[in-house]
Amino acid sequence: MGEPCLDLAGLVLTRAGRAGSPAFRLEIPRLTLWPGARIGLVGESGIGKSTLLDLLALIRRPDQAKSFRLLGTEIAPDLLKDRARRLTRYRRRHISYILQDGGLLPYLSVGANARLATRLARAGHGAQIETLAEGLGIAPLLHKLPSALSGGQRQRAAVLRGLVSQAELILADEPTAALDATNAGATMRLIADLPEDRAVLVSSHHEALLSACGFALWRLVARERSAALTRVSLEIEAI
Ligand SMILES: Nc1ncnc2c1ncn2[C@@H]1O[C@H](COP(=O)(O)OP(=O)(O)OP(=O)(O)O)[C@@H](O)[C@H]1O
């Protein structure tokens, strides 16, 4: 079966509480994502879905990590020491992170944003940009600037940019939050239908849609809630 895209152990991140709210601690004793995985990350608002995705995307530094293997390479020391250049290199090569707010470069058209993503990831040809844009219903918008798009169109443009990079690990933070039911369905199916060798982890509040598209659900749950601390961990659904 080869090696996992991600295999990590003993991950802990604590955030101090904001004015009057309890501190937040995310504990992931073990997490393994195999190529071909289609996982929906679910849980109530504020439970830590974006925080976990940021950790897995190497954007947020954990307080502890016993092991953090990305495509077989142990990067826990780089992560804990925040070695930015190395982390950027791992991210560019192996991870595509689709952010809720798009993260598109404002001075490049939708198509140019997508082409830049293929170049940065050294993903080669951009021929599939048109095909993917077609599937997302935004082919006529490829020449437009992000500022000329609606929120939902911009979200699909961000998904397009995330999917052309051909990274082995695709992370997406609520990629259908701004979409109507029809476009949400089409977008989620397109993500689910990515090539089999990719591992995909998508956070969403649309559990029924995730399940309908064949995603297994991983749920973040509060193990402990007190005035001082909310302690959160991950429940992994047996596949
Ligand atoms: N800038 C911040 N500083 C400190 N704590 C924060 C900050 N942003 C979020 N938090 C806390 O971190 C925890 C996790 O937030 P996160 O945004 O990861 O949750 P989420 O599950 O993605 O929420 P949602 O579904 O609403 O997007 C929350 O308890 C929140 O209060």
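Treat the numbers as computed from the prediction; the structure is a model and nothing was measured. (Residues numbered from 1 in each chain as written. Predicted model: local features only at pLDDT ≥ 70, side-chain atom pairs only at ≥ 80, totals over all residues.)

**Notes on the overall build of the protein**
Then comes step 1: Helices and strands together make up the secondary structure of the protein, namely eight helices and 10 strands.
Then comes step 2: Against the globule reference of 18 Å for 239 residues, the protein gives a C-alpha radius of gyration of 18 Å, in line with a compact fold.
Then comes step 3: When its C-alpha atoms are laid out on the principal axes, the protein stretches across 50 × 35 × 35 Å.
Then comes step 4: Considering only contacts in the protein between residues 6 or more positions apart, those separated by 24 or more positions represent 68%. (Helix = DSSP H or I, 4+ residues; strand = E, 2+ residues; numbered from the N terminus. Rg over C-alpha atoms; globule rule 2.2 N^0.38 Å. Contact = placed C-beta atoms within 7 Å.)

**Some words on the site of the ligand**
Then comes step 1: All residues in the neighbourhood of the ligand are listed as Arg15, Arg18, Phe24, Gly43, Ser45, Gly46, Ile47, Gly48, Lys49, Ser50 and Thr51.
Then comes step 2: Partitioned by chemical class, the residues of the shell around the ligand number two nonpolar, six polar and three charged. (Near = placed C-beta within 6 Å. Nonpolar A, V, L, I, M, F, W, Y, C, P; charged D, E, K, R; others polar.)

**Quick look at the packing of helix H5 (residues 128–136) against helix H6 (residues 151–163)**
Then comes step 1: Packing of H5 against H6 brings their axes to within 10 Å, and their N-to-C directions diverge by 145°. Considering the relative orientation of H5 and H6, their crossing is right-handed. Only Arg156, Val159, Leu160 and Leu163 of H6 make contact with H5, whose side of the interface consists of Leu132, Ala133 and Leu136. (Axes fitted to C-alpha atoms, helices over the stretch in contact; angles between N-to-C directions. Left-handed = near helix turned anticlockwise from the far one by under 90°.)

**A look at unusual backbone geometry**
Then comes step 1: The backbone phi angle of Leu58 is positive, close to 65°, even though this residue is not glycine.
Then comes step 2: By the secondary structure assignment, Leu58 is in the loop between helix H1 (49–56) and strand E4 (67–70).
Then comes step 3: Leu58 gets classed as buried once you count the C-beta atoms within 10 Å, which come to 22.
Then comes step 4: A positive phi is found at Leu71, a non-glycine position, where the angle reads about 50°.
Then comes step 5: On the secondary structure map, Leu71 appears in the loop between E4 and strand E5 (73–74). (Buried ≥ 20, exposed ≤ 12 C-beta atoms within 10 Å, placed from the backbone.)

**Concerning the sheet that holds E5**
Then comes step 1: Spatially, E5-E4-E1-E2-E10-E9-E3-E8-E7-E6 is the arrangement adopted by the 10 strands of the open sheet, whose pairing is mixed. If you trace the sheet from one side to the other, it starts and ends with E5 and strand E6 (95–98), each paired once.
Then comes step 2: Strand direction decides the pairing type here: E4 and E5, joined by two bridges, are antiparallel. Paired with Leu70 across the strands is Thr73, a residue of E5. (Pairing = 2+ DSSP bridges.)

**Considerations on the nonpolar core**
Then comes step 1: Formed by 58 residues in total, the largest nonpolar core has its most connected members in Leu6, Leu160, Leu169, Leu171 and Leu201.
Then comes step 2: When neighbours within four sequence positions are excluded, Leu160 is seen to be in contact with Val110, Ala114, Leu132, Ala133, Leu136 and Ile138. (Core = buried A, V, L, I, M, F, W, Y, C linked by C-beta atoms within 7 Å.)

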